[in-house]
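Okay, here's what each chain looks like letter by letter:
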Amino acid sequence: MVAGAVAGILEHCVMYPIDCVKTRMQSLQPDPAARYRNVLEALWRIIRTEGLWRPMRGLNVTATGAGPAHALYFACYEKLKKTLSDVIHPGGNSHIANGAAGCVATLLHDAAMNPAEVVKQRMQMYNSPYHRVTDCVRAVWQNEGAGAFYRSYTTQLTMNVPFQAIHFMTYEFLQEHFNPQRRYNPSSHVLSGACAGAVAAAATTPLDVCKTLLNTQESLALNSNITGHITGMASAFRTVYQVGGVTAYFRGVQARVIYQIPSTAIAWSVYEFFKYLITKRQEEWRAAK
C-alpha cells in the first residue's frame, strides 16, 4: 500500500500540467482563446496568457486523492492477481487473472478518486471561476448537491474497467517477454508500463471524453442539451455526438496518450522500486531475527 500510494502521488504530480491540457482539449465547444493545435502549443499558451502556475491549479486535491486511491488499487491488484492465478493457472501467470484483478482494483480506486477528479477538472477548465479547492467544493455542493461528486462514477468505471484490464494484461504480457524471471528490472518496468498505458489510453479515449463532460458540465455543451445537467453515460454519449459528431469522441486523444505513456511508466517504475525496497528490508529484518 505504501509503494502504491507513493507511485500514485508521483505519477499525478509529475504529469499534472499535461493532464490540465488534456482536460481542455477534450472540451466540446471551447472558447476561441482556448483552441489548441497540439499539447506543447496548449501548454505554452496557458503559461503565457494565464500565468506560470495556471497548469498546476488543482494539484493539491489530486495529490490528496491519489495517495489512498492508489494504495487501495495496487494492494487489491496484487492480492487478487495471486489468488486468481493460483485458481486459474496454479504456479503460473494468468492473463485472465491479471485483467480481473485490475477490474476489481479499479472499483476501489475510482470510489476514492472520483470526487477529486470532479474538483480537479473544474479547476482546470478555461476561465474556471475557482481559484481554491474549497471554493469549488462548496459551489458544487451548494448548487448541485453531494451526488455531483459521483455523477461521472459509472462512466469512470465504464472507462477505467476496460482501461485497467487492457493496461494490466499488456503490462504483464510484456513483463513475460522483457523480464521473464520477474526480478526488479527498472528498464523493463518503464518500457512495459509506457506501452501498456499508450495502448489502454488510445482504446478508451471516447469514454474519457464523456467522463470529462460529466465532471465539468461544460456550459456551452449544456446550452445544446435540453435536459439541463448531463447525468449518466448515455446522456453524455448523446451530447458528445450532438455537439461534435463522431470525431468529438476522440478529442484530446493525442494529449491523453502523451499523458499516459510517461504516467504509467512512472507509476510502475516507482511502484516496483518501492515494492522491491520494502520487500528487501523485510527479508533482511526476518533474517536478522
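Nothing here was measured: the structure is a model prediction, and the numbers come from that model.

The rules behind the values
- Residues numbered from 1 in each chain as written.
- Predicted model: local features only at pLDDT ≥ 70, side-chain atom pairs only at ≥ 80, totals over all residues.
- Heavy atoms only, no water.
- Patch = residues over 30% accessible without salt bridge, like charges linked within 9 Å, V, L, I, M, F, W, Y side chains within 5 Å.
- Areas by Shrake-Rupley, 256 points an atom, 1.4 Å probe, with all protein chains shown as cover.
- Salt bridge = Lys/Arg side-chain N within 4 Å of Asp/Glu carboxyl O.
- Helix = DSSP H or I, 4+ residues; strand = E, 2+ residues; numbered from the N terminus.
- Phe/Tyr/Trp six-rings, centres within 6.5 Å; stacked < 30°, edge-to-face > 60°.
- Buried < 20%, exposed > 50% of the residue type's maximum accessible area, 1.4 Å probe, protein only.
- Domains from an automatic or database assignment.
- Contact = heavy atoms within 4.5 Å.
- Buried area = accessible area lost by both parts, 1.4 Å probe.
- Disulfide = S-S within 2.5 Å.
- Expected span 1.5 Å × (residues − 1).
- Axes fitted to C-alpha atoms, helices over the stretch in contact; angles between N-to-C directions.
- Parallel < 35°, antiparallel > 145°, perpendicular 65-115°, else oblique.
- Left-handed = near helix turned anticlockwise from the far one by under 90°.

Novice: Let's hear about a nonpolar patch on the surface: which residues, and what values?
Specialist: Taken together, the side chains of Met-1, Leu-72 and Leu-108 define a hydrophobic patch exposed on the protein surface, amounting to about 270 Å² of accessible area. Here Leu-108 lies in helix α5 (residues 95–124).

Novice: Tell me about the packing of aromatic side chains, residues and numbers included.
Specialist: Inspection of the entire model under this criterion finds 15 aromatic pairs. Residues Phe-74 and Tyr-271 carry aromatic rings whose centres are separated by 4.0 Å and whose planes lie at 15 degrees to one another, so their mutual orientation is stacked. Taken together, the residues span a long stretch of sequence, with Phe-74 in helix α4 (residues 59–88) and Tyr-271 in helix α12 (residues 253–288) at a distance of 197 residues. You'll find Phe-74 and Tyr-271 in the same group, each marked buried.

Novice: Outline the domain arrangement of the protein chain, listing residues and values.
Specialist: When cut into domains, the protein chain gives domain 1 (1–144) and domain 2 (169–288). Computed over C-alpha atoms, the centres of domain 1 and domain 2 are 9 Å apart. Listed per partner, the contact involves 37 residues of domain 1 and 38 residues of domain 2. Each partner contributes to the roughly 3400 Å² buried at the junction of domain 1 and domain 2, and carbon and sulfur atoms together form 63% of this total. On the domain 1 side of the contact with domain 2, Gln-26, Leu-28 and Gln-29 bury the most area, a combined 22% of that side's loss. Where domain 1 packs against domain 2, one counts four salt bridges. Elements with a contribution of two residues or more to the side of domain 1 that touches domain 2: α1 (2–14), α2 (16–25), α4 and α5.

Novice: Give a detailed account of the state of the cysteines, specifying residues and quantitative values.
Specialist: Formally, a disulfide is one covalent bond, and it connects the sulfur atom of one cysteine to the sulfur atom of another. The final tally for this structure, using the stated rule, is zero disulfides. Of all cysteine sulfurs, the one in Cys-103 lies closest to Cys-210, which takes part in no disulfide; the gap is 19 Å.

Novice: Tell me about α1, and please be specific about residues and values.
Specialist: Relative to the 18 Å expected for 13 residues at 1.5 Å per residue, α1 spans 18 Å between its end C-alpha atoms, a close match to the ideal helical length. Restricting attention to buried positions, one finds in α1 the residues Ala-3, Gly-4, Ala-5, Ala-7, Gly-8, Glu-11 and His-12. Next to the buried residues of α1 lie α2, α4, α5 and α12.

Novice: Please provide a residue-by-residue account of the packing of α2 against α12, values included.
Specialist: In contact at an axis separation of 8 Å, α2 and α12 are set at 160 degrees when each is read in the N-to-C sense. Relative to α12, α2 is oriented roughly antiparallel. Judged by the sense of rotation from one axis to the other, the crossing of α2 with α12 is left-handed. Listed contacts from α12 to Ile-18, Asp-19, Lys-22 and Met-25 of α2 are Gln-254, Ala-255, Arg-256, Ile-258 and Tyr-259.

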